[in-house]
Amino acid sequence: MRGPPWTDFITLAIAIVLTPASAHGSSRDILANSASTINGIPFSTRAYWMRKANEALGDVLDDPCPFAAFGTAIVNHTDEGLGELVCIGANANRLTGNPTMHGEIAAITNCTAVLTDPRGRYKMNTTQALDAFTQLSLYTNAESCPMCASAIRWAGFKEYIYGTSIDTLVETGWGQIRVDSVEIVRQSFDLGHSTRLIGNVLVNETDPYFLWQYNPHQECPHGCKRSKGTCKRSK
Ligand SMILES: *[C@@H]1O[C@H](CO)[C@@H](O)[C@H](O)[C@H]1NC(C)=O
Ligand SMILES: *[C@@H]1O[C@H](CO)[C@@H](O)[C@H](O)[C@H]1NC(C)=O
Ligand SMILES: *[C@@H]1O[C@H](CO)[C@@H](O)[C@H](O)[C@H]1NC(C)=O
Ligand SMILES: *[C@@H]1O[C@H](CO)[C@@H](O)[C@H](O)[C@H]1NC(C)=O
Ligand SMILES: [Zn+2]
């Protein structure tokens, strides 16, 4: 993949990295991404953390294939190695009764708790915790809704990396608020921090989490099988 199609709106350096195919609406073509090293991070490292976002479902909800299969991992990319996991989150609407607990909000909430835990590894005060988000990268297995994309911009994440696109969710039957993250990033130029947006990463492994809910003929995600019309953990 060559340079990103757009960079630098107003005073921000926001790079929107989409494959040429996805820029024209077909978000399934990920091959162009697999060779890209973006912000010094190779694709293999991106894939590792995107898999963690998928695995957050099993880790947080104890269900590898929940209906609302939205998982997030928040990472500090260090100079060497894979980087450090700060926290994970998964859509917890049903678990908590809170309709705003999408995977990304759940993860941001969890990371704040992890960063400010006086007995944890970070022991930050609230000011330090707020500042820490600008060093972190958020991986989510599906493109954020406008609420979560806005939260990502308010937090000031350094990078926001998503798998399955809103377009794919809509095509497969999901109800969505149809404002994509490119638009949220573009319209948030007043905020102090920039966020690099990298879309359609590892969709061959994230799409299966979202394609089965409205299509009875679709295979279940890895580790799950059909049972009474829904996907359940395979023993
Ligand atoms: C998904 O595609 C990536 C390359 O983009 C590849 O590295 C990975 O192995 C693929 N996953 C599966 C399960 O085939
Ligand atoms: C918060 O993140 C930690 C560290 O990754 C994880 O062990 C824990 O399950 C997460 N808790 C919730 C509620 O998501
Ligand atoms: C947090 O810690 C920093 C560095 O020690 C300090 O400068 C700042 O005043 C503290 N903020 C709060 C809200 O305690
Ligand atoms: C992220 O990693 C860098 C480099 O190791 C470190 O200086 C920084 O404190 C880390 N930030 C957080 C929030 O963990
Ligand atoms: Zn959301």
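Residues numbered from 1 in each chain as written. Chains lettered and ligands numbered in written order. Predicted model: local features only at pLDDT ≥ 70, side-chain atom pairs only at ≥ 80, totals over all residues. Heavy atoms only, no water.

Looking at an unreviewed UniProt entry, one finds the chain named Guanine deaminase and attributed to Periconia macrospinosa.

Details of the coordination of the zinc ion (ligand 5)
Operational definition: Sites may look incomplete, because water is not among the atoms used; the donor set itself consists of N, O and S atoms within 2.8 Å of the metal (3.2 Å for Na, K and Ca). Throughout this description, buried means an accessible area under 20% of the type-specific maximum (1.4 Å probe, protein chains only), exposed means over 50%, and partly exposed covers the range between.
H102 (ND1), C145 (SG) and C148 (SG) make up the full set of protein donors to the zinc ion (ligand 5), lying at 2.1 to 2.3 Å. A residue is classified by how much of its surface remains accessible, and C148, at 0% relative accessible area, is buried.

Let's talk about the site of ligand 4
For clarity, the cut-off: One heavy atom within 4 Å of a molecule or strand makes the whole residue count as near it. Under this definition, polar contacts are N or O atom pairs within 3.5 Å; protein pairs additionally need one hydrogen-donor-capable and one acceptor-capable atom, and for neighbouring residues in sequence, both atoms have to be side-chain atoms. Here the accessible surface of atoms and residues is derived via Shrake-Rupley with a 1.4 Å probe, and residues count as covered only by protein chains that are part of the display. Polar here means any residue outside two lists: the nonpolar Ala, Val, Leu, Ile, Met, Phe, Trp, Tyr, Cys and Pro, and the charged Asp, Glu, Lys and Arg; Gly therefore counts as polar.
Surrounding ligand 4, one finds N76, T78, Y122, A132, Q135 and L136. In the model, an oxygen atom of ligand 4 is placed 2.3 Å from a nitrogen or oxygen of the N76 side chain. In the model, a nitrogen atom of ligand 4 is placed 2.6 Å from a nitrogen or oxygen of the Q135 side chain. For ligand 4, the protein covers 55% of the area, taking 370 Å² as the surface of the free molecule. For the shell around ligand 4, a count of residues per class yields 3 nonpolar, 3 polar and no charged.

Looking at the pairing of strand β3 (residues 84–90)
Heads up, the condition is: Strands here mean DSSP runs of E at least two residues long; helices mean DSSP runs of H or I at least four residues long; both are numbered from the N terminus. Pairing between strands requires that DSSP locate at least two bridges from one strand to the other.
With 5 of its 7 residues buried, β3 lies for the most part within the structure. Where strand β2 (residues 71–76) and β3 come together, 6 bridges link them in antiparallel fashion. The residue of β3 that forms the bridge with T72 is G89.

Focus on the confidence of the model for the chain
Heads up, the condition is: Confidence scores here are pLDDT values: one per residue, from the predictor, ranging 0 to 100. Residues count as neighbours in contact if any of their non-hydrogen atoms are within 4.5 Å of one another.
Averaged over all residues, the pLDDT of the chain is 88; the fraction at 70 or higher stands at 85%. Below pLDDT 50 for its whole length, residues 1–32 participates in 71 contacts with residues either more than four positions away or in separate chains.

Description of the state of the cysteines
By definition, a disulfide links two cysteine residues through a covalent bond between their sulfur atoms. What counts here: Disulfide assignment relies on a single distance test, namely cysteine sulfur atoms paired within 2.5 Å.
Under the definition given, this model contains 3 disulfides. Across a sulfur-sulfur distance of 2.1 Å, C220 and C231 are joined as a disulfide pair. The S-S bond linking C220 to C231 shows a torsion near -90°; that makes this disulfide left-handed. Of the two residues, C220 sits in the loop between α9 (203–206) and β7 (224–227) while C231 sits in strand β8 (residues 230–233), which places them 11 residues apart along the sequence. With a relative accessible area of 3%, C231 lands in the buried category.

So, the environment of V182
If you trace the backbone, V182 turns up in helix α8 (residues 181–187). Given the relative accessible area of 10%, V182 is considered buried. Linking V182 and A149, residues 33 residues apart in sequence, is a C-alpha distance of 9.2 Å.

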